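For reference, the chains in residue letters:
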Amino acid sequence: PRIGRWVDSYSRLPVLQTANVLENISIISYSLVFCIIIVLYPDLGDTTPTVDGPLLVAFVSLVLFGSLGELFNNASTIAIERDWVLEIRKVTGQPIGEVN
């Protein structure tokens, strides 16, 4: 709900710019954490891992950064598509209920 209110309260360009920057930061952070896991735990896929504190923090970070990236991707999509029904209605002249 907060992301939707944020998208609705500003014009498209600032929302898209901010969402893209934050999405890219999330992707870069995710990639860095993934590389750190590979470097610190090179035999992770070969053996049964012992889950210690740093590995647990790394996996939680992966989930968090991946989720944030997807959230800002959805914000970008909503910002682009939010008025498409009204634009189609202007061209076709159909009632909004039929277009949606």
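Calculation rules
- Residues numbered from 1 in each chain as written.
- Predicted model: local features only at pLDDT ≥ 70, side-chain atom pairs only at ≥ 80, totals over all residues.
- Heavy atoms only, no water.
- Helix = DSSP H or I, 4+ residues; strand = E, 2+ residues; numbered from the N terminus.
- Rg over C-alpha atoms; globule rule 2.2 N^0.38 Å.
- Buried < 20%, exposed > 50% of the residue type's maximum accessible area, 1.4 Å probe, protein only.
- Contact = heavy atoms within 4.5 Å.
- Areas by Shrake-Rupley, 256 points an atom, 1.4 Å probe, with all protein chains shown as cover.
- pLDDT = per-residue confidence, 0-100.
- Axes fitted to C-alpha atoms, helices over the stretch in contact; angles between N-to-C directions.
- Parallel < 35°, antiparallel > 145°, perpendicular 65-115°, else oblique.
- Left-handed = near helix turned anticlockwise from the far one by under 90°.
- Nonpolar A, V, L, I, M, F, W, Y, C, P; charged D, E, K, R; others polar.

Colleague: When you look at the overall build of the protein in this model, what are you seeing that I'm missing?
Modeller: For the protein, the helix and strand inventory stands at five helices and zero strands. Along its sequence from the N terminus, the protein presents helices and strands in the succession α-α-α-α-α. Radius of gyration (C-alpha) of the protein: 20 Å, far over the 13 Å computed for a compact globule of 100 residues. For the protein, the C-alpha atoms occupy an extent of roughly 65 × 25 × 20 Å along the three principal directions. Counting only residues that meet the buried cut, the protein has 21% of its 100 residues in that class. Considering only intrachain contacts with a sequence separation of at least 6, the fraction spanning at least 24 residues in the protein is 63%. About 7300 Å² of surface is accessible on the protein, with carbon and sulfur atoms providing 65% of the total.

Colleague: Could you clarify how one ought to interpret the confidence of the model for the protein in this entry?
Modeller: Low pLDDT marks stretches whose predicted atomic positions should not be read closely. Chain-level pLDDT for the protein is 88 on average; 98% of the residues reach the 70-or-more range. The secondary structure element of the protein with the lowest average pLDDT is helix 5 (residues 96-99), at 70, and the one with the highest is helix 2 (residues 12-40), at 95.

Colleague: Which parts of the structure should I look at to understand the side chain of serine 26?
Modeller: If you trace the backbone, serine 26 turns up in helix 2. For serine 26, the contacting residues outside a window of four places in its chain are Phe65, Leu68, Gly69 and Phe72.

Colleague: I'm lost on the environment of glutamate 23 in this one. Help?
Modeller: For glutamate 23, the location among the structural elements is in helix 2. Looking at glutamate 23, the relative accessible area reads 15%, which means it is buried. Residues in contact with glutamate 23, not counting those within four places in the same chain, are Gly69, Phe72, Asn73 and Ser76.

Colleague: Explain the packing of helix 2 against helix 3 (residues 53-81) to me, please; I cannot follow it from the model alone.
Modeller: Between two packed helices, both the angle of their axes relative to each other and the distance between the axes serve to describe the pair. Put simply, helix 2 and helix 3 touch, their axes get as near as 8 Å, and they point 160° apart. Classified by the angle their axes make, helix 2 and helix 3 are roughly antiparallel. Helix-helix and strand crossings are classified by hand; for helix 2 and helix 3 the assignment is left-handed. Here the residues of the contact of helix 2 with helix 3 are counted per class, giving 18 nonpolar, eight polar and two charged.

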